[in-house]
Amino acid sequence: MSAQTANLDEQNIAFWNELCGSNQARVLGIADASPASLKKFDDWFLSFYPYLFLHIPFEELKGKDVLEVGLGYGTIAQRLAESGARYTGLDIASGPVEMANFRIRQAGLEGQAVQGSVLKAPFPDESFDMIVTIGCLHHTGNLQRALDECYRLLRPDGKLMVMLYYAYSYRRWEQARSETLRYWFRERFGYVGPVKPLSDAEKWDYDHNEKGQAAPHTDFVSVRSLRKMTSKFSSFSYRRENINTEPPFQKWSSRRELLKTKYPGIVGLEIYATLTK
């Protein structure tokens, strides 16, 4: 492992030890991890991201070995365990691991989360039938290696469900137009890979902690590059999701109504891709 990678891992451990979703939990008035408080958070989370049920096949996972990479507040971890999957969680920071394990124990479910990096995942080849990773791999600093590790960990016909930030979203065109245009031209001349934002201000709207600090590393990727980066997989399908009432959509009265329009599918903030090994 290079010194640069090790340094980023240390930064990520420190940053992501604060559970992703903590800012919203404070807004909701959640101050503990009781079943009622966690349900309150989960109800908000699943209503804010209603399309998750289109991409994670909870009803098909009973009896299957499922790995979640990047655990956040543990909403998906608990849902996966409740589905009857043989659940394993992986996160670079201890805070999310502790929350996922606490949730599983409190709910009387089976499964375990462990601390480690997806860039060197602590599992043998072909360990899982499915991997679910939402909003994680673009923070690792090596998106290609993270995707390759997911491929290694999947059994034949296993599926990867990954969410990554979209390089050509409306927000990228609004906040980093020149940078986005350069990326577009680079791709047309053969570049394959993500683009890294040039400033913390560009990253802040996606992820920031209680101190107001942006995530240490964030990548954005196009569908074109993602498809090529995952060419070892036998199938690739995707859908763009997520949008907010911000420029150029600030005139919409609600995000809920905006989600029903065509715009998320064209310039949404995120790519949800499902790949089969």
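Conventions adopted
- Residues numbered from 1 in each chain as written.
- Predicted model: local features only at pLDDT ≥ 70, side-chain atom pairs only at ≥ 80, totals over all residues.
- Heavy atoms only, no water.
- Helix = DSSP H or I, 4+ residues; strand = E, 2+ residues; numbered from the N terminus.
- Polar contact = N/O pair within 3.5 Å; in protein donor to acceptor, adjacent residues only side chain to side chain.
- Pairing = 2+ DSSP bridges.
- Axes fitted to C-alpha atoms, helices over the stretch in contact; angles between N-to-C directions.
- Contact = heavy atoms within 4.5 Å.
- Buried < 20%, exposed > 50% of the residue type's maximum accessible area, 1.4 Å probe, protein only.
- Core = buried A, V, L, I, M, F, W, Y, C linked by side-chain atoms within 4.5 Å.
- Left-handed = near helix turned anticlockwise from the far one by under 90°.
- Nonpolar A, V, L, I, M, F, W, Y, C, P; charged D, E, K, R; others polar.

**Points about the side chain of Thr-276**
Point 1. Positionally, Thr-276 belongs in strand 7 (residues 270–276).
Point 2. Here the side chain of Thr-276 touches Lys-159 through a polar contact of 2.9 Å, side chain to side chain.

**Digging into the sheet that holds strand 2 (residues 86–91)**
Point 1. Ordered by their spatial adjacency, seven strands build an open sheet running 3-2-1-4-5-7-6, and the pairing between neighbours is mixed. Edge positions in the sheet fall to strand 3 (112–115) and strand 6 (235–241), since each of these pairs with one other strand and no more. Shown here is a sheet whose adjacent strand axes are inclined to one another by a mean of 15°, direction ignored.
Point 2. Note: strand 6 against strand 7, seven bridges, orientation antiparallel. Its bridge partner lying in strand 7, Ser-235 is registered against Thr-276.
Point 3. Sheet strands in contact with helix 5 (residues 75–82) are strand 1 (65–69), strand 2 and strand 4 (128–134), and its direction is about 175° off that of strand 1.

**Details of the side chain of Asp-65**
Point 1. Here Asp-65 shows up in strand 1.
Point 2. Residue classification places Asp-65 among the buried positions, given a relative accessible area of 14%.
Point 3. At a separation of 2.9 Å, a polar atom in the side chain of Asp-65 contacts the side chain of Arg-155.

**Quick look at the nonpolar core**
Point 1. Ile-131, Leu-137 and Leu-160 are the most contacted members of the largest nonpolar core, which totals 75 residues.
Point 2. For this core, the leading source of residues is strand 5 (residues 154–165), giving seven residues.
Point 3. Non-local contacts of Ile-131, meaning those with residues more than four positions away in its chain, are made with Leu-67, Val-69, Cys-150, Leu-153, Leu-154, Lys-159, Leu-160 and Met-161.
Point 4. Counting five residues, the second largest nonpolar core, distinct from the first, contains Phe-15, Trp-16, Ile-92 and Ala-93.

**Observations regarding the packing of helix 3 (residues 35–48) against helix 6 (residues 94–106)**
Point 1. In the contact formed by helix 3 and helix 6, the axes pass within 12 Å of each other and the chain directions differ by 115°. Every pair of crossing elements has a handedness; the one defined by helix 3 and helix 6 is left-handed. Contacts between helix 3 and helix 6 involve Pro-35, Leu-38, Phe-41 and Asp-42 from the former and Met-99, Phe-102, Arg-103 and Gln-106 from the latter.
Point 2. The class makeup of the residues in the contact of helix 3 with helix 6 is five nonpolar, one polar and two charged.

Remember that the coordinates give geometry; whether it matters functionally is a separate question.
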